[in-house]
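# Chain and residue survey
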Amino acid sequence: MLIDLRIWLNHFEYHSQHPRRVPPGLSDILTSNERKLIASSIATFQLGEHSDGRTLLGAVRRLAHARATPELERITELFIREEQRHVTLLAEFMRDHAIPLKRHHWTEFLFRVLRGCASFEFTLNVLITAELIGNVYYRALESVTGCQRLRILCRTLVADELAHIGFFSELLRGFRAEVPTGARAFLHPVQKALAGPIHKSFFASAAVVVWMTHRAVLRRSGYTAIGFVRTCLAQYAFHLEQVPTGQPLIT
Ligand SMILES: [Fe+2]
Ligand SMILES: [Fe+2]
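Because the structure is predicted, anything quoted here is derived from the model rather than measured.

### A closer look at helix 1 (residues 5–17)
The end-to-end C-alpha distance of helix 1, which contains 13 residues, comes to 18 Å, matching closely the 18 Å that a straight helix rising 1.5 Å per residue would cover. Looking at helix 1, one finds that the buried residues are Leu5, Trp8, Leu9, Phe12 and His15. End-on, the buried residues of helix 1 take up no more than an arc of 140°, which puts them together on one face. Exposed positions of helix 1 whose direction lies more than 90 degrees from the buried face are Ile7, Asn10 and Gln17. Each element contacted by the buried residues of helix 1 is listed here: helix 4 (70–96) and helix 7 (148–178). The N-terminus of helix 1 is capped by Asp4, whose side-chain oxygen sits 3.0 Å from the backbone nitrogen of Arg6.

### Thoughts on helix 11 (residues 225–240)
Relative to the 22 Å expected for 16 residues at 1.5 Å per residue, helix 11 spans 22 Å between its end C-alpha atoms, a close match to the ideal helical length. Among the residues making up helix 11, those that are buried are Phe228, Val229, Cys232, Tyr236, His239 and Leu240. The arc that holds every buried residue of helix 11, seen down its axis, measures 95°, which confines them to one face. For helix 11, exposure combined with an orientation more than 90 degrees from the buried face picks out Ile226, Arg230 and Phe238.

### Description of the coordination of the iron ion (ligand 1)
A metal bound by six donors in octahedral fashion has ideal angles of 90 or 180 degrees, whereas one bound by four tetrahedral donors has an ideal angle of 109.5 degrees. Donor atoms from the polypeptide that bind the iron ion (ligand 1) are Glu49 (OE), Glu49 (OE), Glu83 (OE), His86 (ND1) and Glu161 (OE), placed at 2.0 to 2.7 Å. The motif formed by the donor residues of the iron ion (ligand 1), counted along the single chain, is E-x33-E-x2-H-x74-E. Here the iron ion (ligand 2) and the iron ion (ligand 1) are spaced 3.5 Å from one another, each receiving a donor from Glu83. Placement of the pair is His86 in helix 4 and Glu161 in helix 7, with a sequence separation of 75 residues. Exposure class is identical for His86 and Glu161. Each is buried.

### Describing the confidence of the model for the chain
When pLDDT is averaged along the chain, the result is 87; 86% of the residues meet or exceed 70. Ranking the elements of the chain by mean pLDDT puts helix 8 (residues 189–194) last, at 55, and helix 10 (residues 215–220) first, at 98.

### As for the packing of aromatic side chains
Under the definition given, this model contains 11 aromatic pairs. The structure contains a cluster of three or more aromatic residues connected by ring pairs, namely Trp8, Phe12, Phe79, Phe167 and Phe168.

### Describing the pattern of salt bridges
Pairs may arise between side chains of opposite charge once their charged atoms sit close together. This model, assessed by the stated rule, comprises 13 salt bridges. Between Arg6 and Asp4 there is a salt bridge, with the nearest N and O atoms lying 3.5 Å from each other. Across the pair Arg85 and Glu82 runs a salt bridge whose closest N-O atoms are separated by 3.6 Å. Taken as a pair, Arg85 and Glu82 lie in helix 4 at a separation of 3 residues, close to a single helical turn. For Arg85, a relative accessible area of 22% corresponds to the partly exposed category. Accessibility expressed as a relative area gives 2% for Glu82, which makes it buried. Three or more residues are tied together by salt bridges with common partners; here these are Glu13, Arg61, Glu73, Arg74 and Glu77.

Rules used throughout
- Residues numbered from 1 in each chain as written.
- Chains lettered and ligands numbered in written order.
- Predicted model: local features only at pLDDT ≥ 70, side-chain atom pairs only at ≥ 80, totals over all residues.
- Heavy atoms only, no water.
- Helix = DSSP H or I, 4+ residues; strand = E, 2+ residues; numbered from the N terminus.
- Expected span 1.5 Å × (residues − 1).
- Buried < 20%, exposed > 50% of the residue type's maximum accessible area, 1.4 Å probe, protein only.
- Arc of directions from axis to C-beta.
- Contact = heavy atoms within 4.5 Å.
- Polar contact = N/O pair within 3.5 Å; in protein donor to acceptor, adjacent residues only side chain to side chain.
- Donors = N, O, S within 2.8 Å, 3.2 Å for Na, K, Ca; no water.
- pLDDT = per-residue confidence, 0-100.
- Phe/Tyr/Trp six-rings, centres within 6.5 Å; stacked < 30°, edge-to-face > 60°.
- Salt bridge = Lys/Arg side-chain N within 4 Å of Asp/Glu carboxyl O.

Structural data, given as structure tokens:
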């Protein structure tokens, strides 16, 4: 079995009952310089965490039905709830530090449009892109502040996101491995490229956009543009370029 849905279901069920929390009583001092540095950036990421998940859930329902894997639907519901918790955690921190919420940002709009179109595999490609780059970003955000609450909040998000990355990258690798080597020649060229160079180029472009949009925070954490994109690409390689086994996705 390439992906064991029961293990992932147990993971998501457990964390829905025992969500990772930021413990109360932590030192919560954000200096005015730190606030100035992170306000717009954290607000953009908080907006990016928003998703009602309807498109994803609809696609997953069809897949779960076609493959008789109800676990997949439940896992996705729990994943969406976890992301909604991130929205709340970030919003509470922002409220307590008078950082205004954002209602619109063009990068969030773009990701939302992309997530909503084309196939489930395409949606997964977009989703994993946001998860991987977001993870690098939250680590950087943690490193630019002395605010204990924000540092622990970043670590909490990273811990959840790592599981999301683990699950969705396993699912995506499973999709890619499902196509037998001989059949790859007959794939639609767009579909073929999506599994490789197009997705990687899209991913690298998204990392460049995140660098441009959040460069003040990323620079302060020690990244150059090239260093940031390289770090993101290293994450991509680690999670998505493992050798496919050729085993069926779900057994
Ligand atoms: Fe998240
Ligand atoms: Fe996530």
